[in-house]
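# Structural overview for review
Residue-level listing of the chains:
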Amino acid sequence: WKVATARWRMCMKDASSQCIQSMRTFVWTLTVLACSATLRPAAGGHITTSRPFLIDSTVADMQWVNSSLKDAKPNAKTVFVRSTLGSIYRSTDDGMNWVSQRDKMASDDDEPYKTRIQQMMFSKADAKYALMKGYSENIWFTKDQGNTYQKHEFGVMMDIKLHARKPDYVLATKFEGSFPDRYLSLFLSVDFGATWKKLVTHVYQFEWADPTVGGFTDKTIFASIRRADAPVKNRLSDWDPNIDFVVSHDFFENQKTVVKHGNRFALHHPYWFVAAMNPQEELEVTLHVSSDKGATFLPAHFPYKLSERSYRVVDSKEGSVFVQVSHGSRDREFANVYMSGSEGRAYTLSLRTVVKDYRGLSDFERINGVDGVYVANVADEQAQPELKLLGGLQAVLFNIHENGMVPTKTQMTFDKGGKWQSLTAPTRDHKGDQIDCDGCSLHLNGKTSGFLGPVYSSASSTGLIMATGNVGHHLHSRQDEVNTYFSRDAGQSWEQIAAGSYIYEFGDHGALMIMANNREATNEIMYSWNEGLNWTKFQFWEHNIEVENIITEPTGTSQIFIVYGRRHDKGALMQLNFETLHERRCAGVNAAGSDTSDYEEWVPADSLREGSCLMGRKVKYTRRKRAVQCFNGWDYDRKTNAYNCPCVRADFECDFGYQVGEESNTCERVPEMPMGMGMPDDCNGYFTVTKGYRKVPGDSCVGGQVASDLEPRIESCPGAKTGMVILLVMSSLTVVFAWFTYVRRKEQGMPDPWNSGSDFVDFIKHGAYGGSDLFMGNMTARYTGLADGADIDDDDFGLGEDDDEAQVLGESLHEYALGVTAVTPAGGHDLISIDSGDSELSLQPPRP
């Protein structure tokens, strides 16, 4: 504008028509540029993209290795990618540029297959340490995040474990011996793979212990080991009574058996689970649990005497455990989910017939960022089976539930499994048209739904959920019915945001949403800065790819995303950087809720109770207002405030041995369980007597009439504290009687007891009357016991030979829950597994 003003003054002096016309053109050009600038979102006004990088095959694994480091700067995070053909690629700038690692790892004479990588492992003790396990005898070690590699050959390693605190400590197993006595031996390296030392033989499974637990050290190791004196076993994959779960605190200079016959174990912080078989019955297995990071192990108990043929820990993040149990070999598509108390040992039924697949993965998902909210797909047992030929064949052969034999539906809980309910369906589609469906609800796809987008939430995006599914009476996978849905209140309400199935991701603490079609090849993504109110399309390449995923660094706070997929037989990687699209940073976090602030306060609530409480507390989360277009920044710190609420029925679940009645909301005793309510044999101080309810683990409600009605009754043990009370009472009575005796003797003129030793003995022996009839009077009857001539059996209850049949699972429900009485469930187990959000392990019967 300064230039325009100067030129205008010159034209005023010149006054020629040519100068004035030139000036008008110049001013018009400046005006158009100014208007264009005001229409763009920000100064940058565009999304920065990298050039697509093609790799030899599709992406098999992608890991950020320093996203949590304090000195990790934005746009400078290291990312590793492993392809399905075993090639390794590395980026040091959040995926903008990629470099193949083969030249650093391969020697000139190496065959191509020898540099293929089977697994990438990164140290939790030091983010710069990593190892790449090859398919052959080669393992590559790096101490500088891939700048350089050291190759070590030490035979074909089977399993490898890195230490959580000592980056140079590595455990690994490899085969030794010859058939039929072929076994795995455990080796240790304390110099990150340079040298190895054999620790113990015949190892089936092993894991580093948590060195922060009292009594544990950096040398503590848990393992399932076959006894050295056991006979040779030909079938190495079966359950074996000669395998024990042991612990060593000195690299197996010494070891101690923790769970006898413990064949397999799973770690799900802070819980440890061990499957121990019954040596008298090979198919009979019990579950042992530790809730203190492996310090102590005790048997787990379920409310039925059932045939638990498989276990899978599906969640343990909120102070309790959800375990998926299949009760028979026919339960291929469904399993029951049980919930434990805080110790992870006594389980109650939470949800029946949860959908699962042949791998054991189930449609049971925790909503991240909000406590107590879960979603699951279950069989609709009241619906008529759809016995269509194609659908039934798909269900049997491919575990696809579309038109299968048992219709499924989606359920959600806001009180950690206490009450499950259907999802409220949106009333309009993404175009605003009315959705007409009487008695319908929303159903969402889970992990078992193949390529359809699953339920997704992020801990940094509080209350936000994205998913694919359909509105109807049951879950379907027909392409014309599947849509993409969004919730910003942790599942209380839903809205349709797109037709069809998409893959999606949250960024910038949930302020930025991005998604792409994952059912057909595309070169576009859609993004929203206002939580789905408006969507903008962006073309990231001139060629189409089959988008497999959109991912950001693990904390979910960045505005940088990596899109990867397939183009022909190659994999494609590209970065999308949204940091230059909006330059304004959100303001007013300390005045959330005011008109001048970009932030609001949100309080999640359980629809089953009043007072905007969830899990017994009212939590206020500070988050960005929906319609405001600004970014939070990677260093944004979300503010929360929590207040405890009075207890209501929703804060309680059924206690061990009880379940919710079919016709009511009350907890009813399971008929198969014992009714006794005695105290445990090891009672110390106090014990509790259940009323059929227990507070949901993690619930923090306090007070209220409901609490006094439902919480267990507390009883004192007849131990040290009670004995002291009795001793005090007896001492008081002795003093009273002594004073009474002294007064009566004085009235009768008897001498004081302290005059002489004989007077004191007389005082103690004969009391006030010099005799023993102070309280008996002239009573002459005496208890003489049973008559000598009576012929009485030793069986005081008169049960005779039927006495052996009067057996229950435990002397009391309390003892059974605490494992005082040993109980062996009928049936057996053939799988124990663990399912975590980041990685999934399926622990099959032990293999060497």
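In this text the structure is predicted, and so the values were computed from the model without any measurement.

### Quick look at the state of the cysteines
Evaluation of the coordinates by the stated rule reveals five disulfides. Across the disulfide, C437 is cross-linked to C440 (sulfur-sulfur distance 1.6 Å). As the torsion about the S-S bond is roughly -50°, the C437-C440 disulfide counts as left-handed. Judged by relative accessible area, C437 falls into the partly exposed class, the value being 32%. The disulfide that involves C654 links it to C667, with 2.1 Å between the sulfurs. Between C654 and C667, the S-S torsion sits near -95°, and that sign places the bridge as left-handed. In this pair, C654 is assigned in strand β46 (residues 652-654) and C667 in strand β48 (residues 667-669), connecting sequence segments 13 residues apart. Residue class for C654 comes out buried when judged on its relative accessible area of 7%.

### Focus: the pairing of strand β34 (residues 483-487)
When you tally the buried positions in β34, you get five out of five residues, the bulk of the element. Residue alternation in β34 divides its side chains into two sets, N483, Y485 and S487 and T484 and F486, and both sets are buried. When strand β33 (residues 465-472) meets β34, the two strands line up antiparallel, connected through five bridges. Paired with I465 across the strands is S487, a residue of β34. Direction of pairing for β34 relative to strand β35 (residues 495-499): antiparallel, over a ladder of four bridges. Looking across to β35, one finds that F486 is bridged to E495.

### With respect to the sheet that holds strand β36 (residues 502-507)
Sheets are built from strands paired through backbone hydrogen bonds, the pairs being either parallel or antiparallel. Taken together, four strands build an open sheet; the order of strands is β36-β37-β38-β39 and the sheet is antiparallel. Each edge of the open sheet carries a strand with a single partner, namely β36 and β39 (536-539). Between one strand axis and the next, the sheet turns by 25° as a mean value, whatever way the strands run. Taken together, the six bridges between β36 and strand β37 (residues 512-517) define a ladder with antiparallel strand orientation. In the sheet register, G507 faces β37, and the bridge partner there is L512.

### Quick notes on the side chain of R226
Within the element layout of this structure, R226 appears in strand β16 (residues 221-226). Ignoring any residue separated from it by four or fewer positions in sequence, one finds R226 in contact with H202, Y204, P231, V232, K233, D240, N242 and I243.

### What about the environment of T462?
Within the secondary structure, T462 sits in the loop between β32 (456-457) and β33. Spatially, the C-alpha atoms of T462 and P604 are 9.6 Å apart, while their sequence positions differ by 142 residues. Setting aside chain neighbours within four positions, we find T462 in contact with G369, V370, W602, Y621, R623 and R638.

### So, the nonpolar core
Of all hydrophobic cores here, the largest spans 47 residues; its most connected members are F364, M412, L442, M466 and M515. Ignoring anything within four residues of it in the chain, the contact list for M466 reads P454, V455, Y456, T484, Y485, F486, I497, Y504, F506, M513, M515 and W535. One finds A516, W529, F540 and L576 within the second-largest nonpolar core, a separate group that totals 22 residues.

Conventions adopted
Residues numbered from 1 in each chain as written. Predicted model: local features only at pLDDT ≥ 70, side-chain atom pairs only at ≥ 80, totals over all residues. Heavy atoms only, no water. Disulfide = S-S within 2.5 Å. Buried < 20%, exposed > 50% of the residue type's maximum accessible area, 1.4 Å probe, protein only. Helix = DSSP H or I, 4+ residues; strand = E, 2+ residues; numbered from the N terminus. Pairing = 2+ DSSP bridges. Axes fitted to C-alpha atoms, helices over the stretch in contact; angles between N-to-C directions. Contact = heavy atoms within 4.5 Å. Core = buried A, V, L, I, M, F, W, Y, C linked by side-chain atoms within 4.5 Å.

Read these as spatial facts, not as claims about activity.
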